[in-house]
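# Notes for the structure review
For reference, the chains in residue letters:
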Amino acid sequence: MSADRERKAAKIRHLLETEGDAVFENTTHVNAGRYETNSHRDDIDELRDAARAIKEDAIERLPELVETVKESVEANGGEVYVADDAADANRYITEVTESKGAETLAKSKSMTTEEIDVNDALADAGVDVTETDLGEFVVQVADEAPSHLVGPAFHKSTEDIAELFNAHFDPDEPFETAEDLTQFARDHVGEKIVDADVGMTGANFVFAESGTVALVTNEGNARKCAVTPDTHVAVAGIEKLIPSVDDFPPFAELIARAAGGQDIATYLSLLSPPVDSPVVDFDEPDEPLDASTDDREFHLVLLDNGRTEMREDDDLRETLYCIRCGACANSCANFQHVGGHAFGGETYTGGIATGWEAGVHGLDSAAEFNDLCTGCSRCVDACPVKIDIPWINTVVRDRINRGADAEFDWLVEGLTPDADPGGVDLQKRLFGNFGTLAKLGSATAPVSNWLADWGPTRAVMERVAGVDRRRDLPEFQRETLVDWFEARDPLPAAGDADREVVLYPDAYTNYVLVDRGKAAVRTLEALGVDVAVAPCHESGRAPLSQGMIATARENAERVADSLDPHLDSGRDVVVVEPSDLAAFRREYEHLLDDDRAERLAEHSYEVMEYVYGLLENGADADLLASGGEVAFHSHCQQRTLDVDVYTEAVFERLGYDVVTSDVECCGMAGSFGYKSEYYELSVDVGETLADQFEAQDVAQRELVASGASCHEQLGSLLPQASTHPVELVAPE
Amino acid sequence: MRTDTIDQFASSLAAADVACTRVEAAEFSAALDDVVDAPAVGVPLGIDGVSLDDTAVELPPTPRLLREAETGVTRVHGIVDHGSFVIQADAAGTEPVSLYPRTHVGVVRASDLHADVEETASWLGEEFDAGRDAAVLATGASATADMGELVHGVHGPQSVHAVVVTDR
């Protein structure tokens, strides 16, 4: 394994051992809470659409909103400073603390202040800073970075925190329970707020028209920091501006649901500082509060730090819609297992962190963790503002590829079968060209399989391309699906059928898992459909997952060229592999002309979705194989597209008894689980799925999985082999 | 109609672990004293015929009272579907009184109940225009799970109680 891969693998191994359990418990708990809370309302998607529309509009009008908020805050008696970058913001903030002669500052949680490292700047200026959010306080005491946008100490268990506090504060009675720790921290931090000369907060939203800062907390610390001392500094990215309080309702409804499954956050503070509330001076304990003698000061520091450039960047712009709820992290199988200390950059963590890090800290910071996004797309459903987070990760990966130095680029470019530049790492290039590889492997099978499996070959593959030798490699079939189909005699009914489809054979179905393709053909034909099989062209999914967008675009165009004539003649497109259906329905809009992408998306169906439709329209269910006990693992992208329900419905219709998994992803995720630096993480994620199935006692059940990768992963973790759902229901 | 609204509010409050006492203005003082743990601190309620004058609640607030009071009493508005209080900050100290003591008692006129966040925001828009431009939407007791388990009573109140004045 190369040194860099070994370093990454070692870091992940260390975090799996030290932080993995706590991160898993915390993230899966809040993720389950999100599902539970959302299930009680039927307007979540409308709220998400509304929230998204407000953010789109606000970012579009951002320069105007900045001018508006300057006027409104100044009219209220406060100051607005637009800081170009971190240094500029810190200079302004330390000037404020110096002008007040401040020695102490109490701060509520703010990722934006983490982005600028304001605590370091304040410490250099001689100001004692206390984090008052208890999670952030834990991280401050531990001298660590937050591991999650919302739960900074998600990587620590109660026992970890007790150990930390017992060592650091040396209490008379050692702390044990969460209650002990909370009481201690609350009192300790509470005294710091009482003594603070300055209060600092972030802002979840800023209403431009009224100069209002909206703060979302459950603890109440932001309220205290904002109103107790006479000076309040709020630090917010310029993207936090929305026009007015009228725009607030969808965010008020969504942010706590998305973050942790609360109907609404405990405190949504809408302050238009300097506030009318009297300053509370605990040094004068018996003086009645009297706002008329107060001299409140308020500074709103609006941070640019790359955001203006992000706004002008068609692919990164969406990042600015982010409301920092952490749902993308909580719904991410990789994040659930390894946490933000691996899945994060200098400041930000989770799926959306790639966009933030690329925008505010640069590509190098994003490059360190960007590959941990497998594009599984589970975060797409979780995001309250519908950001296409996998696409941002793909684009940034593409930019990282292009930015990489590679000698002899011109030479490599001439020799590789793809359209991407020479900088692409060999591992990515290998997996990105899976279709070409599979074609070659199939043409030379079984020799290719023997050769690939031969010890020395695996050693070279691992060293040169980072293909982990602990994984079984796909076994290429000599007879492809296309060959098999072409060699058959046409059915007597050909040409008379009411329905005509073209089956898209992805590289796995065509060259490796040929049986599922045959089962799909048999099933469709049994239900009265005239089937054609398209040529096997890589859909673009493989290169997309490696950030090779130019190659993916070339692939997409070739696939569309081969399917267009079928669409012209009224055939529907049936797809076996869910990730390829997801490419047609989601990613092709980035790769093809709008009309072309839209038509293909509209007429493409997952095979079990199509079977469901046929049965609903009168096809005879008795023609399919029925009954039996099944354990079903749906594919991540299939779930995001909401088509998993059709497989379950068909099973139910045919009298199967089904148990299903509910993990977000199996952890294999195409090439991800083959990569030597990620193998252990992939297995760790997969074990959660295996444990879930074992707990449901599935040993006697037929194991079915919709995705080729899921099939590989389950095969390596459970004793029994798995098949595709269509293989189960196909007639003999 | 109004009884329905108060019932719904009470049921949302219950879901947020907030007790609800209903009272007519004439009976307010006695009812409040039943709810309040002394020492208690408050700010004038500004509700016609309802006052803290004949109750155990002390005002005006001082920093010592904020630190030592078991209960803080303020006027609030309500959001029916979430069981939330809308606490409007003011020069008298509504914000710190609702925040520092262990228990917050919010006194709400039945006519100050807003159906949902949407309605609340539209009312707040008018309030903001009129210069009353600071409000906290508070739902239940302050809480944290940062130490690994959910614990109530962090920087804000540990318990919350609503007193609905049904004839105002």
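Residues numbered from 1 in each chain as written. Chains lettered and ligands numbered in written order. Predicted model: local features only at pLDDT ≥ 70, side-chain atom pairs only at ≥ 80, totals over all residues. Heavy atoms only, no water.

## Brief notes about the confidence of the model for chain B
Quick note on the threshold: Confidence scores labelled pLDDT are given residue by residue by the predictor and lie between 0 and 100.
Chain-level statistics for chain B give a pLDDT mean of 96 and a share of 99% at 70 or above. As a predicted assembly, this complex carries a pTM of 0.96 together with an ipTM value of 0.98.

## Observations concerning the packing of aromatic side chains
Going by this rule: Note on ring pairs: Phe, Tyr and Trp rings are taken, using the six-membered ring of Trp, and paired if centres are within 6.5 Å. Classes follow the plane angle, with under 30 degrees stacked, over 60 edge-to-face and the rest tilted. Only DSSP runs of H or I with at least four residues qualify as helices, and only runs of E with at least two residues qualify as strands; both kinds are numbered from the N terminus onward. In this scheme, a residue with accessible area under 20% of its type's maximum is buried, one over 50% is exposed, and one in between is partly exposed, where area comes from a 1.4 Å probe on protein chains only. Only Lys NZ and Arg CZ are tested; either one counts as a charge over a ring when it is within 6 Å of the ring centre and within 35 degrees of the ring normal.
Following the criterion strictly, the structure yields 26 aromatic pairs over all chains and no others. When the ring of F205 of chain A is compared with that of F251 of chain A, the centres are 4.8 Å apart and the planes differ by 40 degrees; the resulting orientation is tilted. Of this pair, F205 of chain A sits in strand β5 (residues 205-207) while F251 of chain A is found in helix α12 (residues 249-260), placing the two residues 46 residues apart along the sequence. By relative accessible area, which is 0% here, F205 of chain A ends up buried. Counting every residue linked through ring pairs, the aromatic cluster contains F137, F165, F169, F175 and F184 of chain A. In this arrangement the basic side chain of K224 of chain A is found over the ring face of Y100 of chain B, its NZ or CZ atom lying 4.3 Å from the centre. Above the face of the W484 of chain A ring, R488 of chain A is positioned so that its terminal group lies 4.9 Å from the ring centre.

## Some points on unusual backbone geometry
In this structure, P274 of chain A follows P273 of chain A across a cis peptide bond, with omega equal to -5 degrees. Summarising the element assignment, P274 of chain A is placed in the loop between β9 (267-271) and β10 (297-303). Following A38 of chain B, the chain continues into P39 of chain B via a peptide bond in cis, with omega recorded as -10 degrees. Looking at where P39 of chain B falls in the secondary structure, it is placed in the loop between α2 (28-35) and β2 (40-42). Positive phi, normally seen in glycine, also occurs at D143 of chain A, with a value near 55 degrees. Overall, D143 of chain A belongs to the exposed group, its relative accessible area being 70%.

## Remarks on the interface of chain B and chain A
Applicable threshold: The contact criterion used throughout is that any non-hydrogen atoms of two residues lie within 4.5 Å. Accessible area, probed at 1.4 Å, shrinks when two parts are joined; the buried area is that loss added up over both. Note on definitions: salt bridges are taken to be side-chain nitrogens of Lys or Arg within 4 Å of carboxyl oxygens of Asp or Glu. Two N or O atoms form a polar contact when they lie within 3.5 Å of each other; inside protein one atom must be a possible hydrogen donor and the other a possible acceptor, and for residues adjacent in sequence the pair counts only when both atoms belong to side chains. By the convention adopted, Pro, Cys, Tyr, Trp, Phe, Met, Ile, Leu, Val and Ala count as nonpolar, Lys, Arg, Asp and Glu as charged, and the other residues, Gly among them, as polar. Only strands joined by at least two bridges in the DSSP assignment are considered to pair.
Contacts between chain B and chain A engage 50 residues on the former and 61 residues on the latter. Interface area for chain B against chain A, summed over the two sides, is near 4600 Å², with a carbon-plus-sulfur share of 59%. Here chain B is connected to chain A by 3 salt bridges. For the salt bridge of E191 of chain A with R67 of chain B, the shortest nitrogen-to-oxygen distance reads 3.3 Å. Joining chain B to chain A, the criterion identifies 22 residue pairs in polar contact (both at pLDDT 80 or more). Within the residue set of the side of chain B that touches chain A, elements represented by two or more residues are α3 (63-68), β6 (84-88), α4 (94-99), α5 (117-129), β9 (135-138) and β10 (143-144) of chain B. The leading source of residues in the side of chain B that touches chain A is α5 of chain B, at 6 residues. Within the side of chain B that touches chain A, the residues separate by chemical class into 26 nonpolar, 15 polar and 9 charged. Of the strand pairs in this sheet, β9 of chain A and β9 of chain B are connected by 4 bridges, and their pairing is antiparallel. Across the sheet, residue S269 of chain A finds its bridge partner in β9 of chain B, namely V136 of chain B.

## Observations concerning the sheet that holds strand β11 (residues 499-504) of chain A
Residue and element names in this part refer to chain A. Applied cut-off: With axes taken as lines fitted to C-alpha atoms, and helix axes fitted only over the stretch in contact, angles between N-to-C directions fall between 0 and 180 degrees.
Strand order in the open sheet made by the 4 strands is β12-β11-β13-β14, with parallel pairing throughout. On the outer flanks of this sheet lie β12 (529-533) and β14 (604-606), each paired with one strand and no other. The sheet shows a mean angle of 35 degrees between the axes of neighbouring strands, direction not considered. By the bridge criterion, 5 bridges tie β11 to β12 in an arrangement that is parallel. Paired with V501 across the two strands is V531, which belongs to β12. Here helix α30 (residues 578-591) sits on the sheet and contacts β11, β13 (572-575) and β14; the angle it forms with β14, its principal contact strand, is near 150 degrees. Helix α32 (residues 607-616) rests against β11, β12, β13 and β14 of the sheet, and its axis sits at about 95 degrees to β14.

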